[in-house]
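Each chain is listed here by its residues.
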Amino acid sequence: FPVTIHGPDIRESLNSQKCSIMHMAIGLMGEVGELVDTLKRHAIYNQALDKENACEEIGDLLFYIVGLCNDLGITVQDCLISNKRKLLRRYQSSN
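Residues numbered from 1 in each chain as written. Predicted model: local features only at pLDDT ≥ 70, side-chain atom pairs only at ≥ 80, totals over all residues. Heavy atoms only, no water.

Enquirer: For this particular structure, what's the right way to read the overall build of the protein?
Expert: Scanning the protein for helices and strands turns up four helices and zero strands. The order of α-helices and β-strands along the protein, N terminus first, is α-α-α-α. Whereas a compact globule of 95 residues would reach a radius of gyration of roughly 12 Å, the protein reaches 18 Å, over 25% beyond that. Seen along its three principal axes, the alpha-carbon backbone of the protein occupies a region of about 50 × 35 × 30 Å. Expressed as a percentage of its 95 residues, the buried residues of the protein come to 16%. Averaging the positions of the 10 positive and the 12 negative side-chain charges in the protein gives two centres separated by 13 Å. (Helix = DSSP H or I, 4+ residues; strand = E, 2+ residues; numbered from the N terminus. Rg over C-alpha atoms; globule rule 2.2 N^0.38 Å. Buried < 20%, exposed > 50% of the residue type's maximum accessible area, 1.4 Å probe, protein only. Lys, Arg positive; Asp, Glu negative; His and termini not counted. Charge placed at Lys NZ, Arg CZ, Asp CG, Glu CD.)

Enquirer: I would appreciate a short explanation of the nonpolar core in the present structure.
Expert: Across soluble globular proteins, you tend to see nonpolar side chains buried next to one another. With seven residues, the main nonpolar core is built from Met24, Leu28, Leu35, Ala54, Leu61, Tyr64 and Leu68. Mapped onto this core, the elements with two or more residues apiece are α2 (16-43) and α3 (51-72). Here this core gets four residues from one element, more than from any other, and that element is α3. (Core = buried A, V, L, I, M, F, W, Y, C linked by side-chain atoms within 4.5 Å.)

Enquirer: Can you walk me through the packing of α2 against α3 in this structure?
Expert: When two helices pack together, their arrangement is given by the angle between the helix axes and the distance between those axes. Remark: α2 packs on α3, axes separated minimally by 9 Å, with the N-to-C direction vectors making an angle of 160 degrees. With respect to their mutual orientation, α2 and α3 come out roughly antiparallel. Helix-helix and strand crossings are classified by hand; for α2 and α3 the assignment is left-handed. A breakdown of the residues in the contact of α2 with α3 according to their chemical character gives 13 nonpolar, seven polar and five charged. (Axes fitted to C-alpha atoms, helices over the stretch in contact; angles between N-to-C directions. Parallel < 35°, antiparallel > 145°, perpendicular 65-115°, else oblique. Left-handed = near helix turned anticlockwise from the far one by under 90°. Nonpolar A, V, L, I, M, F, W, Y, C, P; charged D, E, K, R; others polar.)

See below:
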């Protein structure tokens, strides 16, 4: 049967690490939207690509990714290795 968790239960279960994880994850999503908006202006509305803004937004993404990795106790290198393994499994089996 499904378990329903209500606001007070969630608040009681939060600690500083969980709050930081959520801060990093939510920040990451916001920055993805900002980068997509910059790229959309170029690709869809034929505006000049604002490379400076794209670079700033990608920097913001990296900030949140590194912060999230730190909160989760993993490194960016761990993520890259894991991703490479995943992609090799996925695309080697399709050949």
